[in-house]
Amino acid sequence: MSKVDAPRGRACSRTLRSVALLTSGVLALPVLSGCSSGEPDTGKAAAQDIAAAGRDLVADGGTLRWAIDALPTTLNAFQADADAATTRIAGAVLPSLFILDRSGRPQRNPDYVESAEVVKREPKQVVLYKLNQEAVWSDGREIDAADFVSQWRALSGKDSAYWTARNAGYERIEKIERGANGLEVKITFKKPYADWRSLFTPLYPREVTGTPASFNDGARSMLKVMAGPFQLKSVDRAAGTTTLVRNPRWWGERAKLERLVLTAVPRDQRAAAITAGSLDLAEVDRGTADGIAPAAGEKKSTGGQPLAHGYVVRKSLEPVYTQLALNGEKGPLADDRVRRAVARALNRQELAETVLTPLGLPATPPGSHLALAGQRAYADNSAALGEQNTQEAQALLADAGWTRAGARMKPDPAKAGGEVKGDKKPSPGPTEAKKTEANKKDDKASDEGLYIVGDDKPASGGRGPESGSSGTYVLAPAPAAARQGRALQRQAEALDDDPATRPRTNAAEKQGGLAGAYAPRGTAAPARAGGPIGKDGKPLTLRFVLPSGHGSEALRTVGDKIAQMLARIGVRTEITKVADDSYFKDHIASGDYDLALYSWPATAYPATDARPIFAKPVPATDGSLLVEQNYTRVGSDHIDQLFDQAAAELDEDAARDLVRRADARIWAAAGSIPLYQRPELVAAKTQVANAGAFGFAAPRYQDIGFKKQKAAKATKK
């Protein structure tokens, strides 16, 4: 699969950087799970596929060659240019106080921490860590409070001499003290922080974080002090390898492998490397996976000659979801009705099946932007937007003024000052619509593509939506769009039972619906599918930007299907394929697109990690927008407020519900539409044990190895 992602997640991937429904008639939507009184269904995480084996079945020794995209530019996971290789190395050689389990939920890591809990909430939150008494750095020094203090000072944001990419959570700490003994660390927060478990993973020794010089430069190419089952031996840039070896001071279960060699192999070269047998473990795209000869007992997915023998493809769902992003900063998509129409035109189930079903993986579209199935914060909030419905998508477009009749109109000549009829203007409210009706009461009415209030007679000959005749618009409401607005408001606010967090309503909303959700009098009715829609002679065309590189085939296939779905509601798409290396920098991050496909990794800490992705953009002094990681430019003050409340809520159930309420609002805003959880395909030598498609779970590096010969033979049988 394409690696044109917007990375985020634990450790380095949380840095702020770029790589990345309605029915006819009565409306009835299900109650959102987030507002039910019982425990909502969190779904089930996809099973990992790692050839799990007990340590007694794994041989001691050996070297495993594991493919990475490129050698890391830094070994400091808190710098802006940290990448996936940085994270992998940090996980093997540095302390992780909390790690994710198979369901994507954080669990205390007993190798480093005996206990960690909130021991006081008032007047200030206090967290007490009790460290494993055997935990030591590779130089023999105990891991202690001084390491915590040093990392906090480096990442708190108070000292600009430290070149850090983020300080989320660390800025909330007031002080760190030694507890009752050297193995206790007491942390006092000046502001409550629900995601305190996200801190100090990875934990660097004070030799790295103690000074700006050691933090900024000292840890970029080498780590002198470590505390994991492995330690870094060398980085050979000429050979493209990073070699990890057993840590002789490791106090936990001894690493099975003698050495772990991370080998830089670009994705378009991995098929050749596998054919040559020069890798033991490598994430691959579908084309490479289909060419690999299956292990005994597995069915071959495609015909033809096998790419290589002795390998098997291990597959699961990666903790990453691919979304359709809709740029709401300008153009037609600045209108939330148009965004919702685009979203309602999509058959997400079909798109998910296109990617996942051929691989034999579950194809259930994600129901949340902020968690994936199995995680505690997960709930399917997609009902806040609604299911695919072509007719209702057309009603929303008609409400926004985009109709088939509008596509056939001739643009009016430019007025003085360059104003052209059809320039983006706010939709007239009820008062303005009445004035317009009064002013045009003498115009001759037409039935073309319109609902006529009080006229139940069929359209006269030559005056239907197919006739092409022009005429004056009869002023009429669009009832379906009105129902959509009321439904979205009810569904999103169903989660907001706290009046303090509920947004104020304007006069239109007090009358019973969402502002802007009603079609003004004079709006054309939705036309039947079969032609482009437009406004004042200008067709509704959206620029769809897709990556062109190797491994992006699935994205391009999905993009083509989306274009076909939008064509059914009359929306044209102009597909532009660009190089992977410019996709984010020159298009997504800069806002040079209308529609785009890219992926976000899941996180166990959505209140912290997801906030910059959905934060409301704010104007900068130069007139531009500060978007953080919100590349869709769609947000609201209320969503920001819910994130802030969740981050400060120490009651886990209450914090979870706040996150779910934020997600419902994000769905209703229709800035991004989750389509499918991305497949994770890993080519592995058949003897490799405890490694492959990990899913949510963090690798347990000390257990990775090669099956003993007897165990390998038994597996084949």
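Residues numbered from 1 in each chain as written. Predicted model: local features only at pLDDT ≥ 70, side-chain atom pairs only at ≥ 80, totals over all residues. Heavy atoms only, no water.

> Any chance you could break down the packing of aromatic side chains for me, citing the residues and the numbers?
For the coordinates displayed, the defined rule picks out 20 aromatic pairs. Judged by centre distance (5.5 Å) and plane angle (75°), the rings of Tyr162 and Phe215 are edge-to-face. Placement of Tyr162 in the loop between helix H2 (145-155) and strand S6 (173-178) and of Phe215 in helix H4 (residues 212-218) is noted, with a sequence separation of 53 residues between them. Comparing Tyr162 with Phe215, the two get one shared label, buried. The structure contains a cluster of three or more aromatic residues connected by ring pairs, namely Phe78, Phe98, Tyr129, Phe148, Tyr170, Trp196, Phe200 and Tyr204. Arg88 extends its terminal NZ or CZ atom over the ring of Trp66, reaching a point 4.2 Å from the ring centre. (Phe/Tyr/Trp six-rings, centres within 6.5 Å; stacked < 30°, edge-to-face > 60°. Helix = DSSP H or I, 4+ residues; strand = E, 2+ residues; numbered from the N terminus. Buried < 20%, exposed > 50% of the residue type's maximum accessible area, 1.4 Å probe, protein only. Lys NZ or Arg CZ within 6 Å of the ring centre and 35° of its normal.)

> Can you explain helix H8 (residues 348-356)? Please cite residues and give values.
Taken together, the buried positions of H8 are occupied by Arg348, Leu351, Ala352, Val355 and Leu356. For H8, the buried positions fall inside an angular range of 115° around the axis, keeping them on one side. Where the residues of H8 are buried, they touch strand S12 (311-326), helix H14 (553-567), helix H19 (652-669) and strand S20 (672-685). Where H8 begins, the side chain of Asn347 points an oxygen toward the backbone nitrogen of Gln349, at a separation of 3.3 Å. (Arc of directions from axis to C-beta. Contact = heavy atoms within 4.5 Å. Polar contact = N/O pair within 3.5 Å; in protein donor to acceptor, adjacent residues only side chain to side chain.)

> Describe the environment of Ala664, naming the residues involved and giving the relevant values.
With respect to the helices, strands and loops of the structure, Ala664 is situated in helix H19. Judged by relative accessible area, which is 0%, Ala664 ranks as buried. Residues Ala664 and Ser368 lie 296 residues apart in sequence; the distance between their C-alpha atoms is 8.2 Å.

> Please provide a residue-by-residue account of the pairing of strand S16 (residues 572-578), values included.
Summarising the sheet, strand S15 (residues 541-547) and S16 pair through seven bridges and their orientation is parallel. Each residue of the ladder has a partner; that of Leu546, found in S16, is Lys577. Handedness of the S15-H14-S16 crossover: right-handed. (Pairing = 2+ DSSP bridges. Right-handed = clockwise from strand over helix to strand, strands pointing away.)

> If you had to explain the nonpolar core to someone new, which residues and values would you point to?
The biggest cluster of nonpolar side chains holds 74 residues, and the ones touching the most others in it are Tyr129, Phe148 and Phe200. The greatest single-element share of this core, amounting to six residues, is contributed by H2. The contact partners of Tyr129, leaving out residues within four places of it in the chain, are Leu97, Phe98, Val113, Ser115, Ala116, Phe148, Leu183, Glu184, Val185, Ile187, Trp196 and Phe200. Counting 57 residues, the second-largest nonpolar core is a separate cluster that includes Ala282, Leu396, Leu546 and Ala664. (Core = buried A, V, L, I, M, F, W, Y, C linked by side-chain atoms within 4.5 Å.)

> Got a sec to walk through helix H1 (residues 84-93)? Specific residues and values, please.
Among all positions in H1, only Ala85, Thr86, Ile89, Ala90, Ala92 and Val93 are buried. All buried residues of H1 lie within an arc of 165° about the axis, which places them on one face of the element. Against the buried residues of H1 lie strand S1 (63-68), strand S8 (230-236), strand S9 (241-246) and strand S10 (259-264).

> Report on the pattern of salt bridges, specifying residues and quantitative values.
For the structure on display, the rule yields 33 salt bridges. Across the salt bridge formed by Arg286 and Asp290, the nearest N and O atoms sit 3.5 Å from each other. A residue pair is termed a helical-turn pair when its members lie 3 or 4 positions apart in one helix, as Arg286 and Asp290 do in helix H6 (residues 286-290) at four residues. The class for Arg286 is partly exposed, based on a relative accessible area of 35%. A relative accessible area of 15% places Asp290 in the buried class. Salt bridges linked by common partners bring Arg55, Asp111, Glu253, Arg700 and Asp703 together as one network. (Salt bridge = Lys/Arg side-chain N within 4 Å of Asp/Glu carboxyl O.)

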